[in-house]
Amino acid sequence: MATVKPIETEDTGIVIYDIDTNKYWCNNNKWSPNIRFACIYHSENYVNQVFEKFPDKHLATAQIQVRITKFVSTKNESGL
């Protein structure tokens, strides 16, 4: 029988947003007003790379905490 590895239910990190447009950095040269699409960084080195990539933008960072509070099963009881 295979062992099931528990998943992480909580995480913290850093998101980058443009103060002028109120949009979050989503990678691949995309910005979104929805925080759910934002890249979450765990290293300030990567954050600094984004700041260097967009020197003309008025960027800021914010701490973010993500927590899973409920699991929703998409499978029926038989596992199908």
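In this report, the structure presented in the accompanying data block is examined. Predicted model only: the values in this text are computed from it and were never measured.

**A short note on the side chain of D18**
Step number 1: Relative to the assigned elements, D18 resides in strand 1 (residues 10-18).
Step number 2: Among the polar contacts listed, one links the side chain of D18 to the backbone nitrogen of D20, at a separation of 2.9 Å.
Step number 3: The contacts of D18, once residues within four sequence positions are left out, are K23, W31, K57, H58 and L59.

**As for the side chain of S32**
Step number 1: Mapping S32 onto the fold places it in strand 3 (residues 30-32).
Step number 2: A polar atom in the side chain of S32 sits 3.1 Å from the backbone nitrogen of N34.

**Topic: the sheet that holds strand 2 (residues 23-27)**
Step number 1: The antiparallel open sheet is built from four strands, whose spatial order is 3-2-1-4. With partners counted over all chains shown, the strands left at the sheet margins are strand 3 and strand 4 (59-67), one partner each. With direction set aside, neighbouring strand axes in the sheet form an average angle of 45 degrees.

**Remarks on the pattern of salt bridges**
Step number 1: Tallying each qualifying case throughout the model produces two salt bridges.
Step number 2: We note a salt bridge from E10 to R67, for which the minimum N-O separation is 3.3 Å. Placement of E10 in strand 1 and of R67 in strand 4 is noted, with a sequence separation of 57 residues between them.
Step number 3: Taking the shortest distance from any N to any O, the salt bridge between D18 and K57 comes out at 3.5 Å. Of the two residues, D18 sits in strand 1 while K57 sits in the loop between helix 1 (44-53) and strand 4, which places them 39 residues apart along the sequence.

**Let's talk about unusual backbone geometry**
Step number 1: Of note, the phi angle at N22 is positive, near 55 degrees, even though the residue is not glycine.
Step number 2: Take N22: it is sitting in the loop between strand 1 and strand 2.
Step number 3: Despite not being glycine, N27 shows a phi value in the positive range, around 80 degrees.
Step number 4: Note on placement: N27 falls in strand 2.

**Comments concerning the environment of K53**
Step number 1: Locating K53 in the fold gives a position in helix 1.
Step number 2: Counting along the chain gives 24 residues from K53 to N29, while the straight-line C-alpha distance between them is 9.8 Å.
Step number 3: Residues within four places of K53 in sequence aside, it is in contact with W25 and N29.

**What to know about the pairing of strand 2**
Step number 1: Here strand 1 runs beside strand 2; their pairing, made up of two bridges, is antiparallel. Within strand 2, the position partnered with D18 by the bridge is K23.
Step number 2: Between strand 1 and strand 2, which pair antiparallel in sequence order, lie four residues; one of them, N22, sits at a positive phi of approximately 55 degrees.
Step number 3: By the bridge criterion, three bridges tie strand 2 to strand 3 in an arrangement that is antiparallel. Its bridge partner lying in strand 3, W25 is registered against W31.
Step number 4: With antiparallel pairing between neighbouring strands as the criterion, strand 2 and strand 3 make up a hairpin whose turn holds two residues, including N28 at a positive phi of roughly 50 degrees.

Criteria and thresholds
Each chain has its residues counted from 1, running along the sequence as written. At least 70 in pLDDT is required for a residue's local features to be given in this predicted model, at least 80 for side-chain atom pairs to be given and counted, and no such filter applies to totals for whole chains, interfaces and linings, which use all residues. Hydrogens and water molecules were not included; the side-chain quantities draw on all heavy atoms of the structure. Strands are runs of DSSP state E lasting at least 2 residues, helices are runs of H or I lasting at least 4, and numbering of each runs from the N terminus. Counting of polar contacts relies on pairs of N or O atoms within 3.5 Å, with two restrictions inside protein: one atom must be capable of donating a hydrogen and the other of accepting it, and residues adjacent in sequence are counted only when both atoms are side-chain atoms. Whether two residues are in contact is decided by their heavy atoms, any of which lying within 4.5 Å being enough. Two strands pair under a simple rule: DSSP has to find at least two bridges between them. The axes used here are C-alpha line fits, helices contributing only the stretch in contact, and every angle between their N-to-C directions lies in the interval 0 to 180 degrees. For this analysis, a salt bridge means a side-chain nitrogen from Lys or Arg found within 4 Å of a carboxyl oxygen belonging to Asp or Glu.

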